[in-house]
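# Understanding the architecture of this molecule
What follows is each chain in one-letter form.
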Amino acid sequence: SQKIEQNSEALNIQEGKTATLTCNYTNYSPAYLQWYRQDPGRGPVFLLLIRENEKEKRKERLKVTFDTTLKQSLFHITASQPADSATYLCALGLNAGNMLTFGGGTRLMVKP
Amino acid sequence: KAGVTQTPRYLIKTRGQQVTLSCSPISGHRSVSWYQQTPGQGLQFLFEYFSETQRNKGNFPGRFSGRQFSNSRSEMNVSTLELGDSALYLCASSHRLAGLYNEQFFGPGTRLTVL
């Protein structure tokens, strides 16, 4: 069956450390993958997009990798801050269109 | 630029009723997608409209329908409401049809409670 798995448990890290979130998928062949941040009571906010022919993308303190052989994406936040505390969602784009298939999300808590 | 707006923000209905939710995309965006978010199922794609045409449809029953107007504003309708339809309904807009090249901007959502 098709699945997208993200860390189901909350990830607790200390301020200043690097947070690494995983997104594993099964029986999908995505054309691209996106990461979103969602705060309670709000809609998701786009963070990064990576295409199937790309290995890594960076934006400020954020980095995403995409390994189509392992069927995995890793999302890193360096020098994490309490303001980074939120739920992070990975989303697969199964074709070139806008339809996204989301994972369940990982709740990140950054402690001061 | 104003963000994606959704109205109403909160709605309470009873089983069997129908409901219409509205979404105004970012100015200039022609693609509008709708998602349902529940604690159990997470975020699930409902449908996408581009230039008033439905381009993609998720795996939801026919009770869920939508439309898009010439100004890109979109509405979704749920008929014969069931308790399981209680959810946060999110609208997302994007400039182009190709998600391969662009991000989506989500609205704050409409929280629907079915009693």
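For the structure, see preceding data.
A brief look at the structure comes next. Just so we're clear, the structure is a prediction, and the values are computed from it rather than from any experiment.

## Quick word on the nonpolar core
Formed by 23 residues in total, the largest nonpolar core has its most connected members in A:Ile4, A:Leu33, A:Trp35, A:Phe75, A:Ile77, A:Tyr88 and A:Leu108. Every element with two or more residues in this core is listed here: β3 (19-26), β4 (32-38), β5 (45-51), β7 (62-67), β8 (72-77), β9 (86-93) and β11 (106-111) of chain A. A:Phe75 has contacts with A:Ala19, A:Thr20, A:Leu21, A:Trp35, A:Leu47, A:Leu48, A:Leu62, A:Lys63, A:Val64 and A:Tyr88, leaving out every residue within four places of it along the chain. Judged by nonpolar contacts, the second largest core, of 21 residues, contains B:Phe60, B:Leu81, B:Ala87 and B:Leu112.

## Remarks on the side chain of B:Gln104
Along the chain, B:Gln104 falls in the loop between β9 (87-94) and β10 (105-106). A polar side-chain atom of B:Gln104 sits 2.5 Å from the main-chain carbonyl oxygen of A:Asn98. Excluding anything up to four places from it in sequence, B:Gln104 contacts A:Tyr36, A:Phe46, A:Asn98, A:Leu100, B:Ser33, B:Tyr35, B:Ala92, B:Ser93 and B:Ser94.

## Observations regarding the state of the cysteines
One pass over the structure, following the stated rule, counts 2 disulfides over all chains. For A:Cys23, the disulfide goes to A:Cys90, at an S-S distance of 2.0 Å. Note on the A:Cys23 and A:Cys90 pair: the S-S dihedral is about 55 degrees, so by sign convention the disulfide is right-handed. Separated by 67 residues along the polypeptide, A:Cys23 in strand β3 and A:Cys90 in strand β9 bring together distant segments of the chain. Among the residues examined, A:Cys90 registers a relative accessible area of 0% and is labelled buried. The partner cysteine of B:Cys23 in its disulfide is B:Cys91, sulfur to sulfur 1.7 Å. Around the S-S axis, the bridge from B:Cys23 to B:Cys91 shows a dihedral of about -45 degrees and counts as left-handed.

The rules we used
- Residues numbered from 1 in each chain as written.
- Chains lettered and ligands numbered in written order.
- Predicted model: local features only at pLDDT ≥ 70, side-chain atom pairs only at ≥ 80, totals over all residues.
- Heavy atoms only, no water.
- Core = buried A, V, L, I, M, F, W, Y, C linked by side-chain atoms within 4.5 Å.
- Buried < 20%, exposed > 50% of the residue type's maximum accessible area, 1.4 Å probe, protein only.
- Helix = DSSP H or I, 4+ residues; strand = E, 2+ residues; numbered from the N terminus.
- Contact = heavy atoms within 4.5 Å.
- Polar contact = N/O pair within 3.5 Å; in protein donor to acceptor, adjacent residues only side chain to side chain.
- Disulfide = S-S within 2.5 Å.

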